[in-house]
Amino acid sequence: MPALDKFDAIVTDPPYGIGADKGVGKYGKLKAGAQRWDDCAPDVSWVAKYPAIIWGGNYFGLPASRAFLVWDKGAGFKGRDFAECELAWCSFDANARIFSRDPLASGDYRGKQHPTQKPIALMQWCLGFLPGAETILDPFMGSGTTLVACAKLGRKGIGIELDAEYFDIAYRRVEEAYRQPDLFVSAPSGPQQMGFL
Ligand SMILES: C[S@@+](CC[C@H](N)C(=O)[O-])C[C@H]1O[C@@H](n2cnc3c(N)ncnc32)[C@H](O)[C@@H]1O
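Read on for an overview of the structure. (Residues numbered from 1 in each chain as written. Predicted model: local features only at pLDDT ≥ 70, side-chain atom pairs only at ≥ 80, totals over all residues. Heavy atoms only, no water.)

1. What about the state of the cysteines?
Here is step 1: Applying the stated criterion to the full structure yields 0 disulfides.
Here is step 2: Distance from the sulfur of Cys90, which forms no disulfide, to the nearest cysteine sulfur (Cys126) is 7.6 Å. (Disulfide = S-S within 2.5 Å.)

In structure tokens, the structure reads:
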């Protein structure tokens, strides 16, 4: 943390400790030599001290909050062997809100590069709850979706990732997002690798 530039808020999706790294599928299967990253949920009590949105907030024993964000995955997930929704805990006080978007029907999962990759639109929606936050930290960035959303909205993002392969994927996705910023948003400068810790 002391090595990081200043940040205004944290938006993150830590490992939930549910073994998502050992699941089936192209990106879900643990590769030889790859890091096991979802054996247990990390202590994220330090994150909760900042303005923060924490996906999987129901797994971390965080303080009571009425401000939960709900991602309703839509009709395609109803009654199937998948979660129909996911929950994000907020450190600030607000009304609970629901974002409805089917990641299959919308094509969000096309070209998915991480077993628990979030839709860019979902992370853009989250950033709307932190309007004054210019620089966002994601300490568990995975394939970099939070930083892609930041790039598209003209915010700065700082990401940390344990797995070198996911770090490279995130770097490429963020670079691509800077090449294609959203209209009407002034483009921030491109990605920089700050270091290996
Ligand atoms: C749930 S995934 C995040 C997925 C991300 N939201 C996306 O859209 O791709 C959590 C990530 O945290 C990383 N991770 C686990 N422990 C970590 C640690 N101590 N420091 C940094 N990253 C870590 C894992 O490698 C994994 O990629």
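2. A closer look at the site of the ligand
Here is step 1: The ligand sits among 17 residues. The nearest are Asp13, His114, Ser143, Thr145 and Glu161.
Here is step 2: Within the contact set of the ligand, an oxygen atom lies 2.6 Å away from a side-chain nitrogen or oxygen of Glu161.
Here is step 3: Leu162 is positioned with one of its backbone polar atoms (N or O) 3.2 Å from a nitrogen atom of the ligand.
Here is step 4: The fraction of the free accessible surface of the ligand (600 Å²) that becomes covered by protein chains is 88%. (Near = heavy atom within 4 Å. Polar contact = N/O pair within 3.5 Å; in protein donor to acceptor, adjacent residues only side chain to side chain. Areas by Shrake-Rupley, 256 points an atom, 1.4 Å probe, with all protein chains shown as cover.)

3. Re the packing of aromatic side chains
Here is step 1: Counting across every chain of the model gives 7 aromatic pairs.
Here is step 2: For the ring pair Trp125 and Phe129, a centre distance of 5.0 Å and an interplane angle of 85° mean the geometry is edge-to-face.
Here is step 3: Site record: aromatic cluster; members linked through ring pairs are Tyr16, Tyr59 and Phe60.
Here is step 4: The ring of Trp71 is capped by Lys73, whose NZ or CZ atom sits 4.9 Å from the centre of that ring. (Phe/Tyr/Trp six-rings, centres within 6.5 Å; stacked < 30°, edge-to-face > 60°. Lys NZ or Arg CZ within 6 Å of the ring centre and 35° of its normal.)

4. Points about the packing of helix α2 (residues 145-152) against helix α3 (residues 164-179)
Here is step 1: Running from N to C, α2 and α3 point in directions that differ by 10°, and their axes come no closer than 9 Å. Considered as vectors, α2 and α3 are oriented roughly parallel to each other. Considering the relative orientation of α2 and α3, their crossing is right-handed. Touching Thr145, Leu147, Val148 and Ala151 of α2 are Arg173, Val174, Ala177 and Tyr178, all from α3.
Here is step 2: A class-by-class count of the residues in the contact of α2 with α3 yields 6 nonpolar, 1 polar and 1 charged. (Axes fitted to C-alpha atoms, helices over the stretch in contact; angles between N-to-C directions. Helix = DSSP H or I, 4+ residues; strand = E, 2+ residues; numbered from the N terminus. Parallel < 35°, antiparallel > 145°, perpendicular 65-115°, else oblique. Left-handed = near helix turned anticlockwise from the far one by under 90°. Contact = heavy atoms within 4.5 Å. Nonpolar A, V, L, I, M, F, W, Y, C, P; charged D, E, K, R; others polar.)

5. Details of helix α1 (residues 120-127)
Here is step 1: For α1, a buried count of 6 out of 8 residues is recorded, marking the element as mostly surrounded by other parts of the structure.
Here is step 2: Among all positions of α1, only Ala121, Leu122, Met123, Trp125, Cys126 and Leu127 are buried. (Buried < 20%, exposed > 50% of the residue type's maximum accessible area, 1.4 Å probe, protein only.)

6. Let's talk about the sheet that holds strand β5 (residues 97-100)
Here is step 1: Pairing in this open sheet of 7 strands is mixed, and the strands run β5-β3-β4-β2-β1-β6-β7 from one edge to the other. Looking at which strands have only one partner, the edges of the open sheet turn out to be β5 and β7 (156-159). For this sheet, the mean inter-axis angle between neighbouring strands, taken without regard to orientation, is 25°.
Here is step 2: Pairing analysis gives 3 bridges linking strand β2 (residues 52-55) to strand β4 (residues 85-90), with the strands arranged antiparallel. Counterpart to Trp55 in the pairing with β4 is Ala88. (Pairing = 2+ DSSP bridges.)

7. Examining the pattern of salt bridges
Here is step 1: In total, this model carries 8 salt bridges according to the counting rule given.
Here is step 2: A salt bridge links Lys118 to Asp13; the shortest N-O distance between them is 3.2 Å. Taken together, the positions of Lys118 in the loop between β5 and α1 and Asp13 in the loop between β1 (9-12) and β2 put the pair 105 residues apart, joining distant regions of the chain.
Here is step 3: On the accessibility criterion, Lys118 (7% relative accessible area) is buried.
Here is step 4: For Asp72, the salt bridge goes to Lys78, with nearest N and O atoms at 3.4 Å.
Here is step 5: A relative accessible area of 43% means that Lys78 is categorised as partly exposed. (Salt bridge = Lys/Arg side-chain N within 4 Å of Asp/Glu carboxyl O.)

8. Focus on the packing of α1 against α2
Here is step 1: Where α1 meets α2, the axes come as close as 8 Å, and the angle between the chain directions of the two elements is 65°. For the element pair α1 / α2, the angle class is roughly perpendicular. Our pair here, α1 against α2, has a crossing hand that is right-handed. Facing Ile120, Met123, Gln124 and Leu127 of α1, the residues of α2 in contact are Thr145, Thr146, Val148, Ala149, Cys150 and Lys152.

9. Overview of the pairing of β2
Here is step 1: Burial of β2 is two-sided: the residues Ala52 and Ile54 facing one way and the residues Ile53 and Trp55 facing the other way are all buried.
Here is step 2: Across 3 bridges, the pairing between β1 and β2 is parallel. When the sheet's bridge partners are listed, Val11 is paired in β2 with Ile53.

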